[in-house]
Amino acid sequence: MSCATRPLLPLAAVTAGLASGSALAAEWTFTPWSDFSTQTQQNPGLSSDENHKNDVSNGFAGTAGLGVVRKTEHLSLNLAPVIRAYRYADNASLDRDEEQLNFSFDWLGEKISWRAGANAARDTTLTSELGTTGLTQGNQRHETWSVSAGPSWSLTERWQLASNVGTSANRYPDEHDSLSNYSYSTALLSTTYVLNEKVVVSLYGTAGRLDSEGNGANTDDRSANVEVRYTLSPLSSVGASIGRSWVTSDAGRTQGLLYSVNASRVFEKGLLAFSMSRRQSPSGRALLTEADEARLSFVTQFTERLSATVGASYSKRRNVLQVFDVDLERVRYTRADVSLSWRMAPNWSLGFGGSYAIQQVGSAFLNDDLTGRGSEVRLGLSWNGDPYVR
């Protein structure tokens, strides 16, 4: 993973902001970017095998992306293609190419607005299975796509309704024995009410259908949730939600607790954010899993050109329903990252970073968890192109 890797949504937001001055003219804005890095990794597949725990690989990564935005008074279109390539001089089994495409559509009406999105990715199990199934020792192809769409209604200045439907598919063309193709369809209905300038309350319900092409059973899930968002000050806010889930399949049925807690604080030269949640999502074994996740991050700007990011995350997954012949009871994944970025020119930045990860995989057939540890040090150069307006 390169030093200057950045989320696609913030990039799209930046380019949208640059285009806002000419929104009424419906101009197209194109913003290219790229980064290149060299990295040294110890046990990149997080293998628990003693023979591989001390494996060290040196590699090179290159990433190129393009932010495309079209914005009018009522319409906003965002397209963000990204391609990545990884090459290792001393371990060709880690070589891989990955592609990703994100698209979003927003139409703003006086009372009714529409939002739609789609994305597709072609990566490998080194990326897709981290912290989910734990099957990261190989470098096998993974493909995924998803689409979603839905309207929102402004009933009053304070009250809003929204709905959304979506579907996604995950494929493993190499036909890994322990991984299965599956599709997952969801529907959401929510209502939000603004009590005052500080408190916002939301009620929402979800329904999902997991269709398995492997040994797992097809699964239906539903949930009902309430969420409260409180703005403490212009610089800090907190939010929390709690809900109940119901899951049924041929393997049985169960109920569960869902929740989330998040908080953020903006400082003069930094941002501190924390989140913790329990949610349900499918895994590469084509089974519905319960995921407990926690994240803590801190970003600071030392000077106009020098910034740093420190982050830590933890996740624990287990199958919602126990299926004997494909059961994987738990996967624990812990990761810590630190990075330093120096903007040496208006369009160029130099970055240095490191990370350390632990992955623990346990099942009903093992007395002890299989634990894999890995680390990475990387040095990268990134370029952000000037927006081109047409």
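Everything that follows concerns the structure shown earlier in this document.
In this text the structure is predicted, and so the values were computed from the model without any measurement.

### Structural notes on the overall build of the chain
Then, in step 1: When helices and strands are counted, the chain shows two helices and 19 strands.
Then, in step 2: The buried share among the 390 residues of the chain stands at 39%.
Then, in step 3: Sequence separation of 24 or more characterises 54% of the internal contacts of the chain that already satisfy a separation of 6 or more.
Then, in step 4: Surface summary for the chain: the accessible area is close to 20600 Å², and the carbon and sulfur share equals 58%.

### Focus: the pattern of salt bridges
When the charged atoms of two side chains with opposite charge come close together, those side chains can pair.
Then, in step 1: For the structure shown, the criterion picks out 17 salt bridges.
Then, in step 2: The residue glutamate 99 makes a salt bridge to arginine 122 at a minimum N-O spacing of 3.3 Å. Taken as a pair, glutamate 99 in strand E4 (residues 96-107) and arginine 122 in strand E5 (residues 112-124) lie far apart in primary sequence, 23 residues in all.
Then, in step 3: Residue classification places glutamate 99 among the partly exposed residues on the basis of a relative accessible area of 30%.
Then, in step 4: For glutamate 143, the salt bridge goes to arginine 122, with nearest N and O atoms at 3.9 Å. Taken together, the positions of glutamate 143 in strand E6 (residues 141-154) and arginine 122 in strand E5 put the pair 21 residues apart, joining distant regions of the chain.
Then, in step 5: Put simply, Arg278, Glu290, Asp292 and Arg318 are held in one network by salt bridges that share partners.

### Considering unusual backbone geometry
Then, in step 1: Even without a glycine there, the phi angle at leucine 46 is positive, about 50°.
Then, in step 2: Residue placement: leucine 46 occurs in the loop between strand E1 (28-42) and strand E2 (56-71).
Then, in step 3: Phi is positive for alanine 286, which is not a glycine, with a value near 60°.
Then, in step 4: Here alanine 286 shows up in the loop between strand E13 (270-282) and strand E14 (288-301).
Then, in step 5: Take alanine 286: its relative accessible area is 0%, and that puts it in the buried class.

### A look at the pairing of strand E9 (residues 199-212)
Then, in step 1: Judged from the 13 bridges that link them, strand E8 (residues 182-194) and E9 form a sheet pairing that is antiparallel. When the sheet's bridge partners are listed, serine 183 is paired in E9 with aspartate 211.
Then, in step 2: Connecting E8 to the next strand, E9, in antiparallel fashion are four residues.
Then, in step 3: Pairing geometry for E9 and strand E10 (residues 219-233), over 12 bridges, is antiparallel. Within E10, the position partnered with valine 201 by the bridge is valine 228.

### Section: the nonpolar core
Then, in step 1: Grouped together as the largest cluster of nonpolar side chains are eight residues: Tyr182, Tyr184, Leu210, Val247, Ala286, Leu288, Val320 and Leu321.
Then, in step 2: Sequence-distant contacts of leucine 288, defined by excluding residues within four places in its chain, comprise Tyr184, Leu210, Thr219, Asp221, Val247, Gln280, Ser281, Pro282, Arg318, Asn319 and Val320.

### Notes on the environment of glutamine 360
Then, in step 1: Following the sequence through the fold, glutamine 360 ends up in strand E17 (residues 348-362).
Then, in step 2: Taking the C-alpha atoms as reference, glutamine 360 lies 4.4 Å from threonine 371; in sequence the two are 11 residues apart.
Then, in step 3: In this view, glutamine 360 contacts Arg330, Val331, Arg332, Asp369, Leu370 and Thr371; residues no more than four positions away in its chain are not counted.

### Thoughts on the packing of aromatic side chains
Then, in step 1: The final tally for this structure, using the stated rule, is three aromatic pairs.
Then, in step 2: For the pair phenylalanine 36 and phenylalanine 60, a centre-to-centre distance of 6.5 Å together with 15° between the ring planes defines the contact as stacked. Of the two residues, phenylalanine 36 is situated in strand E1 and phenylalanine 60 in strand E2; the sequence distance between them amounts to 24 residues.
Then, in step 3: Take phenylalanine 36: its relative accessible area is 40%, and that puts it in the partly exposed class.

### Some words on the side chain of asparagine 170
Then, in step 1: Residue placement: asparagine 170 occurs in strand E7 (residues 159-171).
Then, in step 2: A distance of 2.7 Å separates a polar atom in the side chain of asparagine 170 from a polar atom in the side chain of histidine 142.
Then, in step 3: Once you skip the residues sitting within four places of it in the chain, asparagine 170 turns out to touch His142, Glu143, Thr144, Asn181 and Tyr182.

### Digging into the layout of surface pockets
Then, in step 1: Of the voids in this model, the second largest pocket is the one considered here, and its volume is about 560 Å³.
Then, in step 2: Forming the boundary of the second largest pocket are 26 residues, of which Asp106, Trp114, Arg115, Ala116 and Gly150 lie nearest the centre.
Then, in step 3: Where the lining of the second largest pocket is concerned, the elements lending two or more residues are strand E3 (75-88), E4, E5, E6, E7 and E8.
Then, in step 4: Examining the composition of the lining of the second largest pocket, we find that five residues originate from one element, E5, more than from any other.

### Thoughts on the environment of glutamine 160
Then, in step 1: Within the secondary structure, glutamine 160 sits in strand E7.
Then, in step 2: Of the residues examined, glutamine 160 reaches a relative accessible area of 34% and is grouped as partly exposed.
Then, in step 3: Each residue touching glutamine 160, except ones within four places of it in the same chain, is listed here: Ser152, Trp153, Ser154, Ser190, Thr191 and Thr192.

Quick notes on the rules
Residues numbered from 1 in each chain as written. Predicted model: local features only at pLDDT ≥ 70, side-chain atom pairs only at ≥ 80, totals over all residues. Heavy atoms only, no water. Helix = DSSP H or I, 4+ residues; strand = E, 2+ residues; numbered from the N terminus. Buried < 20%, exposed > 50% of the residue type's maximum accessible area, 1.4 Å probe, protein only. Contact = heavy atoms within 4.5 Å. Areas by Shrake-Rupley, 256 points an atom, 1.4 Å probe, with all protein chains shown as cover. Salt bridge = Lys/Arg side-chain N within 4 Å of Asp/Glu carboxyl O. Pairing = 2+ DSSP bridges. Core = buried A, V, L, I, M, F, W, Y, C linked by side-chain atoms within 4.5 Å. Phe/Tyr/Trp six-rings, centres within 6.5 Å; stacked < 30°, edge-to-face > 60°. Polar contact = N/O pair within 3.5 Å; in protein donor to acceptor, adjacent residues only side chain to side chain. 1 Å grid on protein atoms, 1.4 Å probe; cavity = no way out; pocket = protein on both sides within 12 Å on 5 of 7 lines; lining within 4 Å. Points joined across faces, edges and corners; volume = space filled by probe spheres on them.

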